[in-house]
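The chain contents come next:
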Amino acid sequence: MLAVPNSYLSTSPSSDLTHRLPPSSLGDILRYHVLLQYFSWSDLRQIPPSGVLVTTLLQTTGRVHSNFGAVNITRDPLTNSITIQSPAPFSPSNVTVLSLIKTLPYNITILAVDSLLVPYDFNLLASETRPPLGLNITKALIDGHNFNVAASMLAASGVVDEFEADEGGAGITLFVPTDDAFGDLPGNVKLQSLPADKKAVVLKFHVLHSYYPLGSLESIVNPVQPTLATEDNGAGSFTLNISRVNGSVAIDTGIVQASVTQTVFDQNPVAIFGVSKVLLPRGIFGKDSAGVTSKPGNAVVGTTVQPPETSPSPENSAGFSGPASHLSSPPGFREEITSKGGRYRMQSCIVTVCCIGLVLVV
C-alpha cells in the first residue's frame, strides 16, 4: 500500500484534481495505491533498473484501458531511489518512495510516497456518463420486472436508504434474488419470520461496498469478498466467495451457490445483478441457527443430523412379527446346515438382521 504523508498531501500537484472529482472517483484513486504484490524493503532494493510492472486494485475493476491500471516500479542504480508511475507513455504522474512505514512479512507492506499517484487519463473515469448520485434502487428493481419481492423487502426494512447513501463512496454492487429465487426457498427457511435486525443483515449480505462491473466479477483477484454485513459484524464474517463456474459468475455463501443471471443496472458507481438464489449466510442459517426450522424427515443444509436411537437387542425384539421371507440366504447355505443347532444359529441370525433392518427403517 502507498500512503502520502499529510505534509506532502497538501502540496501534491494532484490534490486540486481530487477536490474536483466525485467521491466515487476518489475510491478509484485509492485503489490505484494498492499494489497486488508483496514487496519487502529489500525486495524494492533489488528491482532491476528496467523496472517491474505490478497490477493494482484499480486494474481489477475493468474500468481502465489496456494495463493503465497497473504501475511500473523502477530503481535508480546510482541513488537506489524507487519511482512508481503509470505504464502509459509520457504519463505525468509519478511518485518517489520516501520510507517504509510498516511491514508484515509476506502479507502487507505500507510505503510512504511523496505524492498522490493518479491513473493515466483519469478524467475519462470521471466523465459525465456516470449517473447522478442518489439512484432509486427500489425503482430500478421494479423496472426490472422480476424483483418485486426483493424491492418490497428492501423498502420495508429501510436498509435501501443505507445502500443509496453508499453510492457516494466507493460505489456499491448488489446481488438481488429474482422472484423465482424467493419462491424456491426451502420450506424450512423462515426468512420472513426473522427479527428485523437479522433480516437487515441478510439483505446487507447481498451487497458489496464497492462498484464491480460484470467484467470485474468475472476476473476478480480476491474471491473472498466482504459485504455490508461484514462491516456490522466484524472482519471475516458474512463474506461471499465469488468465482467463475461454467462461464458464469458464481457466488457461494457456504450454504448455497447462486449464479448471476442478468444485469439489472450497471453504471459507475452502481451495479445491480440478478442472482438465481437467495444468498443465505451461515451466520444466520447455518448450524444451530434460528433462521431455519427443522421438520421431520427434512435435513437442513448446515445442520447436524442426530443419530438414530440405540437399536434394541435381539432378546427384546420378540414382539417383531413381520415376515422374514424377503431375507434370502446365499445359494447352498441351507443345504450345508444339517444339525438342529445349526438351524437355530441360522434363525437367530435372521432375527438379528431383521431387527437391524427395522431400526434402519425407523
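Predicted model only: the values in this text are computed from it and were never measured.

So, about the pattern of salt bridges. Throughout the structure, instances matching the rule amount to five salt bridges. Salt-bridge contacts for aspartate 28 lead to arginine 31; the nearest nitrogen and oxygen are separated by 2.8 Å. Linking aspartate 28 with arginine 31, this pair stays in helix 3 (residues 23-31), spanning three residues, or about one helical turn. A single burial state applies to aspartate 28 and to arginine 31, both of which are buried. Note that lysine 204 and glutamate 162 form a salt bridge whose closest N and O atoms lie 3.2 Å from each other. With lysine 204 in helix 9 (residues 196-204) and glutamate 162 in helix 7 (residues 159-165), this pair connects stretches of sequence that are 42 residues apart. Overall, lysine 204 belongs to the buried group, its relative accessible area being 11%. Since its relative accessible area comes to 33%, glutamate 162 is described here as partly exposed. Linked through salt bridges whose partners overlap, the residues forming this network are Glu162, Lys204 and Asp232.

Aromatic rings in a pair are described by how distant their centres are and how their planes are angled relative to each other. Tallied over the full model, the rule gives three aromatic pairs. Consider the rings of tyrosine 38 and tyrosine 106, whose centres lie 5.9 Å apart with planes at 50°: the pair is tilted. Pair noted here: tyrosine 38 is in the loop between helix 3 and helix 4 (41-45) and tyrosine 106 is in the loop between strand 5 (94-104) and strand 6 (108-113), with a separation of 68 residues, a long-range link. Since its relative accessible area comes to 76%, tyrosine 106 is described here as exposed. Residues phenylalanine 205 and phenylalanine 238 carry aromatic rings whose centres are separated by 6.1 Å and whose planes lie at 75° to one another, so their mutual orientation is edge-to-face. Taken together, the residues phenylalanine 205 in the loop between helix 9 and strand 8 (207-208) and phenylalanine 238 in the loop between helix 11 (228-233) and strand 10 (239-245) connect sequence positions 33 residues apart. Across the pair, exposure class does not vary: phenylalanine 205 and phenylalanine 238 are buried alike.

With that out of the way, let us pick up the side chain of histidine 33. On the secondary structure map, histidine 33 appears in the loop between helix 3 and helix 4. Judged by relative accessible area, histidine 33 falls into the buried class, the value being 5%. In terms of polar contacts, histidine 33 uses its side chain to reach the backbone amide nitrogen of leucine 117, at 2.9 Å. Setting aside its immediate chain neighbours within four residues, histidine 33 contacts Met1, Leu2, Ser115, Leu116 and Leu117.

Right, let's get into the sheet that holds strand 6. One open sheet holds the six strands; their spatial order is 1-6-5-4-3-2, and the pairing between them is mixed. Because the sheet does not close on itself, it has two edges, and the strands there are strand 1 (2-3) and strand 2 (52-55). As paired strands, strand 3 (residues 70-75) and strand 4 (residues 82-85) are joined by four bridges and run antiparallel to one another. From the neighbouring strand, asparagine 72 faces strand 4, where its bridge partner is glutamine 85.

Turning to the environment of glutamine 225, a few remarks are in order. As for its placement among the helices and strands, glutamine 225 is situated in strand 9 (residues 224-226). With relative accessibility at 9%, the residue glutamine 225 sits in the buried group. Considering only alpha carbons, one finds glutamine 225 and leucine 208, 17 residues apart in sequence, at a separation of 7.4 Å. If near-sequence neighbours (up to four positions away) are discounted, glutamine 225 is found in contact with Leu208, Tyr212, Ile220, Thr239, Leu240 and Ile242. A distance of 3.4 Å separates the side chain of glutamine 225 from the side chain of tyrosine 212, its partner in a polar contact.

Within helix 9 the residues assigned to the buried category are Lys199, Ala200, Val201, Val202, Leu203 and Lys204. Buried-residue contacts for helix 9 involve helix 6 (148-157), helix 7, strand 8, helix 11 and helix 12 (282-285).

Grouped together as the largest cluster of nonpolar side chains are 55 residues, with contacts concentrated most on Phe163, Phe175, Leu191, Ile272 and Phe285. With near-sequence residues (within four places) excluded, leucine 191 lies in contact with Met153, Phe182, Leu185, Lys199, Val202, Val278 and Phe285. In this structure, Tyr32, Phe39, Val71 and Val97 belong to the second largest nonpolar core, which totals 21 residues.

Here we come to the sheet that holds strand 9. Read across the open sheet, the seven strands follow the order 8-7-13-12-11-10-9; overall the sheet is mixed. A strand with exactly one partner marks an edge of an open sheet, and here the two such strands are strand 8 and strand 9. Direction of pairing for strand 7 (residues 172-177) relative to strand 13 (residues 270-275): parallel, over a ladder of six bridges. Within the sheet, the bridge partner assigned to valine 176 lies in strand 13 and is glycine 274.

Let us look at the confidence of the model for the chain. When pLDDT is averaged across the chain, the result is 75; 68% of the residues are at 70 or more. Every residue in residues 124-130 is under pLDDT 50, and counting partners more than four places away or in other chains gives 14 contacts. Within the model, pLDDT remains below 50 along residues 292-362, and this stretch shows 39 contacts once partners closer than five positions in the same chain are excluded.

Here is what the cut-offs are and how they apply
- Residues numbered from 1 in each chain as written.
- Predicted model: local features only at pLDDT ≥ 70, side-chain atom pairs only at ≥ 80, totals over all residues.
- Heavy atoms only, no water.
- Salt bridge = Lys/Arg side-chain N within 4 Å of Asp/Glu carboxyl O.
- Helix = DSSP H or I, 4+ residues; strand = E, 2+ residues; numbered from the N terminus.
- Buried < 20%, exposed > 50% of the residue type's maximum accessible area, 1.4 Å probe, protein only.
- Phe/Tyr/Trp six-rings, centres within 6.5 Å; stacked < 30°, edge-to-face > 60°.
- Polar contact = N/O pair within 3.5 Å; in protein donor to acceptor, adjacent residues only side chain to side chain.
- Contact = heavy atoms within 4.5 Å.
- Pairing = 2+ DSSP bridges.
- Core = buried A, V, L, I, M, F, W, Y, C linked by side-chain atoms within 4.5 Å.
- pLDDT = per-residue confidence, 0-100.

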